[in-house]
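So you can see what is in the structure, the chains are spelled out below.
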Amino acid sequence: MSETPVRVRFAPSPTGKLHVGGARTAIYNWAFARANHGTFILRIDDTDPERSTEENTQIILRAMRWLGLDWDEGPEVGGDFGPYKQTERAQMYRDAAQRLWDEGKAYPCFCTPEQLAADREAAQARKDPFQGYQRRCRNLSREEAQARIDAGEPYVLRIKVPEDRGDVVVRDAVHGDVTFAARELDDFVIQRTDGTPTYNFATVVDDAAMGITHVIRGDDHLSNTPRQVIVYEALGAPVPTFAHISMILGADGKKLSKRHGATNVEEYRDAGYLSDAFVNYLALLGWSLDGETTIIPRDVLASQFSLDHVSKNPATFDPKKLDWIQAEYIRSMSDQEFADEVMLPELHEAGVIGGDFEADEAWVDALAAIVKPRTKFPADVVTVTAPVFATAETLVYDEKSVAKGLAKEGMGAVLDAAREALAGLAAWEPAAIDAALEALPEALDLKKRLVFQAVRVAVCGNMVSPPLGETMALVGREDCLARIDRARAMAL
Ligand code: GLU
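About the cut-offs
Residues numbered from 1 in each chain as written. Predicted model: local features only at pLDDT ≥ 70, side-chain atom pairs only at ≥ 80, totals over all residues. Heavy atoms only, no water. Helix = DSSP H or I, 4+ residues; strand = E, 2+ residues; numbered from the N terminus. Buried < 20%, exposed > 50% of the residue type's maximum accessible area, 1.4 Å probe, protein only. Contact = heavy atoms within 4.5 Å. Areas by Shrake-Rupley, 256 points an atom, 1.4 Å probe, with all protein chains shown as cover. Lys, Arg positive; Asp, Glu negative; His and termini not counted. Charge placed at Lys NZ, Arg CZ, Asp CG, Glu CD. Pairing = 2+ DSSP bridges. Right-handed = clockwise from strand over helix to strand, strands pointing away. Near = heavy atom within 4 Å. Polar contact = N/O pair within 3.5 Å; in protein donor to acceptor, adjacent residues only side chain to side chain. 1 Å grid on protein atoms, 1.4 Å probe; cavity = no way out; pocket = protein on both sides within 12 Å on 5 of 7 lines; lining within 4 Å. Sits in = over half its atoms within 2 Å of the grid points. Points joined across faces, edges and corners; volume = space filled by probe spheres on them. Arc of directions from axis to C-beta. Core = buried A, V, L, I, M, F, W, Y, C linked by side-chain atoms within 4.5 Å. Expected span 1.5 Å × (residues − 1). Salt bridge = Lys/Arg side-chain N within 4 Å of Asp/Glu carboxyl O. Phe/Tyr/Trp six-rings, centres within 6.5 Å; stacked < 30°, edge-to-face > 60°.

(A) Layout of the overall build of the protein chain. Tallying secondary structure elements over the protein chain gives 21 helices and eleven strands in all. In terms of principal-axis extent, the alpha carbons of the protein chain reach across some 110 × 45 × 40 Å. Of all 492 residues assigned to the protein chain, the portion counted as buried reaches 49%. Across the protein chain, every contact between residues at least 6 apart in sequence was considered, and the portion connecting residues at least 24 apart equals 75%. Total accessible area on the protein chain stands at roughly 23,300 Å², and carbon and sulfur atoms take up 50% of it. Of the charged side chains in the protein chain, 55 are positive and 77 negative, and the gap between their average positions amounts to 7 Å.

(B) Molecular detail of the pairing of strand β9 (residues 241-245). Counted residue by residue, β9 has four buried out of five residues, so it is predominantly covered. In the sheet, strand β8 (residues 214-218) pairs with β9 via five bridges, with the strands oriented parallel. What sits directly across from Arg 217, in β9, is His 244. With helix α7 (residues 225-235) bridging β8 and its parallel neighbour β9, the resulting β-α-β unit is right-handed.

(C) Here's a closer look at the site of the ligand. In the vicinity of the ligand, the contacting residues are Arg 9, Ala 11, Ser 13, Asp 45, Tyr 199, Thr 203, Arg 217 and His 221. Within the contact set of the ligand, a nitrogen atom lies 2.8 Å away from a side-chain nitrogen or oxygen of Ser 13. Tyr 199 is positioned with one of its side-chain polar atoms (N or O) 2.7 Å from an oxygen atom of the ligand. Coverage of the ligand by the protein chains reaches 80% of its 300 Å² of free accessible surface. The cavity where the ligand resides is the largest pocket.

(D) Structural view of the layout of surface pockets. Reported here for the largest pocket is a volume of approximately 1,100 Å³. Lining the largest pocket are 42 residues, and of these Ser 13, His 19, Gly 22, Asp 220 and His 221 sit closest to its centre. Where the lining of the largest pocket is concerned, the elements lending two or more residues are β1 (7-10), α1 (20-35), α6 (199-209) and β8. The element contributing the most residues to the lining of the largest pocket is α1, with six residues. When its volume is computed, the second largest pocket comes out at roughly 370 Å³. Lining the second largest pocket are 17 residues, with Arg 269, Gly 272, Tyr 273, Glu 346 and Pro 378 sitting closest to its centre. Contributing elements (two or more residues each) for the lining of the second largest pocket: α8 (265-270), α9 (275-283) and α12 (335-349).

(E) Representation of the pairing of strand β2 (residues 39-42). Alternating positions in β2 separate into two faces, Thr 39 and Ile 41 on one and Phe 40 and Leu 42 on the other, with burial throughout. Handedness of the β1-α1-β2 crossover: right-handed.

(F) Focus on helix α15 (residues 399-406). Along α15, the residues classified as buried are Ser 401, Val 402, Gly 405 and Leu 406. The arc enclosing the buried residues of α15, seen along the axis, measures out at 100°, which places them on a common side. Opposite its buried face, α15 presents the exposed residues Glu 399, Lys 400 and Lys 404, each directed more than 90 degrees away. In the core, the buried residues of α15 are packed alongside α16 (411-423), α19 (448-460) and α21 (477-488).

(G) Up close: empty space enclosed by the protein. According to the stated counting rule, one finds one cavity of 30 Å³ or more in the structure shown. One number sums up the size of the largest cavity: a volume of about 40 Å³. Residue lining of the largest cavity: Lys 17, Leu 18, Ile 59, Arg 62, Ala 63, Asn 264, Val 265, Glu 266 and Arg 269, and that is the complete set. Put simply, the parts of the chain that give the lining of the largest cavity at least two residues each are α2 (54-67) and α8.

(H) Structural detail: the nonpolar core. One finds Met 64, Leu 301, Phe 317 and Met 343 to be the most contacted residues of the largest nonpolar core, which totals 73 residues. It is α1 that provides the largest number of residues to this core, a total of nine residues. In this structure, Cys 111, Ala 202, Val 204 and Phe 242 belong to the second largest nonpolar core, which totals 43 residues.

(I) Inspection of helix α3 (residues 90-102) at higher detail. For α3, with 13 residues, the first-to-last C-alpha span of 18 Å sits near the 18 Å given by 1.5 Å per residue. Those residues of α3 not exposed but buried are Tyr 93, Ala 96, Ala 97, Leu 100 and Trp 101. An end-on view of α3 places all buried positions within 140° of arc, on one side of the element. On its buried face, α3 is in contact with β3 (106-109), α5 (142-150), β4 (156-159), β7 (189-191), α6 and α7.

(J) Structural view of the pattern of salt bridges. By the definition in use, this model includes 36 salt bridges. Residues Glu 103 and Arg 99 are paired through a salt bridge, measuring 3.2 Å at the closest nitrogen-oxygen approach. Note on Glu 103: relative accessible area 39%, which makes it partly exposed. On the basis of relative accessibility, which here comes to 37%, the residue Arg 99 falls in the partly exposed class. Measuring nitrogen to oxygen at the nearest pair gives 2.6 Å for the salt bridge that ties Arg 136 to Asp 119. Within this pair, whereas Arg 136 is found in the loop between α4 (113-125) and α5, its partner Asp 119 is found in helix α4, the two being separated by 17 residues in sequence. Under the relative-accessibility criterion, Arg 136 is labelled partly exposed at 46%. A residue is classified by how much of its surface remains accessible, and Asp 119, at 9% relative accessible area, is buried.

(K) Summary view of the packing of aromatic side chains. All chains considered together, the criterion is met by eleven aromatic pairs. With 5.0 Å between their ring centres and 45° between their planes, Tyr 28 and Phe 305 make a pair best called tilted. On the criterion of sequence distance, the pair formed by Tyr 28 in helix α1 and Phe 305 in the loop between α10 (298-304) and β11 (315-316) is long-range, its members being 277 residues apart. For the residue pair Tyr 28 and Phe 305, the accessibility class agrees, reading buried in each case.

Below, the structure written as structure tokens:
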């Protein structure tokens, strides 16, 4: 553990929903904070007024909650370093920019867009490798600059990259030391004409003010980092450790996008992925525990996550692996967990059971035991349990199943015999029901498959329902017999 307490932040821009890449960045920050007993901060980078919306912010917060990434400081929970939305920190950026100007580390620039374009073209024409800002306003006197501002001339504030600043070496926990040539860094803008801060400035002012020790984010920001290092230096703030994590690619090797399918967290939630399974899968996109373990429960992630095991190679999003992990999570639930966390909520949501649903615990567990192995996604629960929640009147008979299993010569006799055997059973329980049905094929001189098929279609309406004895036990004797009576009319 490092000596300074770890403070990390996830800083989404609410210009859209939370996508898979953002979610993975959030997971790494969260897990890193938890594994180091540090603080996980959520900050909303909403400085782009055209594209940021409150609705997106709410969607992101909801997605974070669904992912189970609880933040220690940020919107809704507060903290000592707030506010946690950049639009509410505007004054801080102006103050910081003013301070840098006062200290001679920043200066106003009055160059018009036309002037800048002309300078760039001239640099291109003379094949100057440096085509950035030509520092025209760097040496204006303070008085002259102030006079032009007072006269109403529009200006931006630019940072003054020190003359003697050598190459900038970014120390990155994933990429190692990455060197950027100082001459590539022009005196970049920190405050726009309208007084708003640029991303590279606002981010560093906040990260410095919030005492961020590790900046973990997508490697699309690696190229911004040398500029940010210059800002830290100007502010006199310690430079944090960076960790730039790789891109997520689709199966075709291109950056993951809509073309590859769902990219937003809420689409996965709505499709029925379990939050734990989804977090487990995303955590593995670029990080590994030991190079082989695939099932990594949240508490293991939160105690074992480390930046040393983050790969700098791009990760490929593999929906099949996600589904496999989902299946593993469902399989590893106890029947009771499955009932409480998946089955009953799903049945409620689908309106199969109402708020007043009451059933004895053993009945619910027995249902969970036959439904769980047949569930890949929560929505499967509704289909699988349909015969159980139907009644003799409401049961829907699948036409093909009826044609194949019931509407056949001899099946009427099967149902008659089954009815009689079942009606006379002493105990209405799976083993007894199965035993009674097992005795029929021989007595009727029919193949077992045909007998079971007929009874299954009569009682469940289809041929793919869960095991017959268990299902019939859950349905209850009276209703099973009523179903057989109803089906009798369809049998020959
Ligand atoms: N708001 C930025 C983004 O969403 C944050 C980048 C950063 O973490 O510095 O890309």
